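Next come the chains, spelled out residue by residue.
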Amino acid sequence: RSQVKAFRPYNLGGYAINGLTPKKGYSVQKNLAYGLKPRQRLDLYVSDQQDTKGLILFVHGGAWSRGDKDTYVFVGEAFSRYGYDVAVLNYHLAPEFIFPRYVDDLVEALDFLEQHQTQLGISTDKIALMGHSAGAFNIASLIYHPSVYQLKLKQNIKTIIGISGPYHFDYKDDPLAQHAFDQLIPYDQVMPYYFVEKNHIQHYLLIAENDQIVKHSNSLDLCAQLHSQGNHCEVINIPNTGHITIMGSVSSVFSRFYETRPQILNALARSM
């Protein structure tokens, strides 16, 4: 228990967690090109279970300026062991690229997965979008964006699982986010909160009890806005976690000590 109390996944490092992650229950296809640019790559974890339950597209965080799919092997394993196929993708990063480029990459990744699903051994009939921090913003913006994306697979997106996501904040002069957005464009012309429309998607917004980076109001505000439009939304508070810990706690190494993975699996079962 003392080891768990001292657990800080990003101090230990994602790669270290990956080293402890079981290597069975799935096969992985690394560095699949979903576009022509070097950052447009994804890793696909295909469950060994005969009857898979759907496809999860996971988008990492990192204040839009850092992060890499190679750090998240534990995410692929954590859910493929329960019968889900998991795509973990890289996307273009700030400051070289700004919003909405990150979201454009998501569109390309989904198109790639749909077009190549047979040869990849997956199905895109049921999709869950899952993201942490900046990645949670990206998946919300894919659906709620000032310029509506013409998604071929929109009806196949069954659920959004946002983990410690910033959905309603002013990025002007924000030290973590200012380089990720055009500072001349007001935040109310960008944040997904302002572009919610009625749809079929189930939304599960996880917040870390001790989050010191992203305010809980981001998820609470978005959920209230979703409800106002008649959409499904649930906010789930995960005890004993912080902004970073909540993500690492889905790993098979630590998940038995936290509610994170069971809550996500319950949401997936209800929506997929």
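Structure's up top.
Rules used in this analysis
Residues numbered from 1 in each chain as written. Predicted model: local features only at pLDDT ≥ 70, side-chain atom pairs only at ≥ 80, totals over all residues. Heavy atoms only, no water. Pairing = 2+ DSSP bridges. Helix = DSSP H or I, 4+ residues; strand = E, 2+ residues; numbered from the N terminus. Right-handed = clockwise from strand over helix to strand, strands pointing away. Disulfide = S-S within 2.5 Å. Buried < 20%, exposed > 50% of the residue type's maximum accessible area, 1.4 Å probe, protein only. Contact = heavy atoms within 4.5 Å. Salt bridge = Lys/Arg side-chain N within 4 Å of Asp/Glu carboxyl O. Axes fitted to C-alpha atoms, helices over the stretch in contact; angles between N-to-C directions.

*Asks:* How should the pairing of strand E8 (residues 234-238) be read in this particular structure?
*Replies:* Within a regular strand, side chains alternate between the sheet's two faces. Sheet topology note: the strand E7 (residues 202-208)/E8 ladder contains five bridges and is parallel. Directly across from isoleucine 207, in E8, lies its bridge partner asparagine 237. Following the backbone out of E7, through helix H8 (residues 217-228) and into the adjacent parallel E8, one traces a crossover that is right-handed.

*Asks:* Looking at this model, I keep getting lost on the state of the cysteines. Mind explaining?
*Replies:* In a disulfide, the sulfur atoms of two cysteines are covalently bonded to one another. Within this structure, the stated rule accounts for one disulfide. With a sulfur-sulfur separation of 2.4 Å, cysteine 223 is cross-linked through a disulfide to cysteine 233. Residues cysteine 223 and cysteine 233 are joined through a disulfide that is left-handed, its torsion about the S-S bond being -130 degrees. On the criterion of sequence distance, the pair formed by cysteine 223 in helix H8 and cysteine 233 in the loop between H8 and E8 is long-range, its members being 10 residues apart. The exposure classification of cysteine 223 matches that of cysteine 233, with both residues buried.

*Asks:* Sorry, what's going on with the environment of leucine 32 here?
*Replies:* Its place among the elements puts leucine 32 in strand E1 (residues 26-33). Along the backbone, leucine 32 and leucine 113 are 81 residues apart, and their C-alpha atoms lie at a distance of 9.9 Å. Once residues within four sequence positions are removed from consideration, leucine 32 is found in contact with Gln40, Arg41, Leu42, Leu44, Phe112 and Leu120.

*Asks:* Can you help me understand the pattern of salt bridges in this one?
*Replies:* For side chains bearing opposite charge, pairing can occur when the charged atoms are close. The final tally for this structure, using the stated rule, is eight salt bridges. Between aspartate 70 and lysine 30 there is a salt bridge, and its shortest N-O distance comes to 3.6 Å. Of the two residues, aspartate 70 sits in the loop between strand E3 (54-59) and helix H4 (73-80) while lysine 30 sits in strand E1, which places them 40 residues apart along the sequence. We note a salt bridge from aspartate 68 to arginine 39, for which the minimum N-O separation is 3.5 Å. Here aspartate 68, found in the loop between E3 and H4, pairs with arginine 39, found in the loop between E1 and strand E2 (41-47); they are 29 residues apart in sequence, far enough to count as distant. Overlapping salt bridges bring together Lys30, Asp43, Lys69 and Asp70 as one network.

*Asks:* Mind showing me how you'd approach H4 here?
*Replies:* For an α-helix the count is 3.6 residues per turn, leaving residues at separations of three or four pointing the same way. Along H4, eight of the eight residues are buried, which leaves the element largely enclosed by surrounding structure. Buried residues of H4: Val73, Phe74, Val75, Gly76, Glu77, Ala78, Phe79 and Ser80, and no others.

*Asks:* What is the right way to look at the sheet that holds E1 in this model?
*Replies:* Across a sheet, paired strands are connected by hydrogen bonds in the backbone, their directions being either parallel or antiparallel. Ordered by their spatial adjacency, eight strands build an open sheet running E1-E2-E4-E3-E5-E6-E7-E8, and the pairing between neighbours is mixed. Bordering the open sheet on either side are E1 and E8, each of which pairs with just one other strand. Going from strand to strand, the sheet's axes swing by 20 degrees on average, the running direction of each strand aside. Examined bridge by bridge, strand E6 (residues 157-163) and E7 share five bridges and lie parallel to one another. Its bridge partner being in E7, isoleucine 161 is matched across the sheet by tyrosine 204.

*Asks:* Quick question: what am I supposed to make of the pairing of E2 here?
*Replies:* Counting buried positions along E2 yields six of seven residues, so the element is predominantly enclosed. With six bridges joining them, E1 and E2 adopt antiparallel strand pairing. The residue of E2 that forms the bridge with tyrosine 26 is serine 47. Across four bridges, the pairing between E2 and strand E4 (residues 84-89) is antiparallel.

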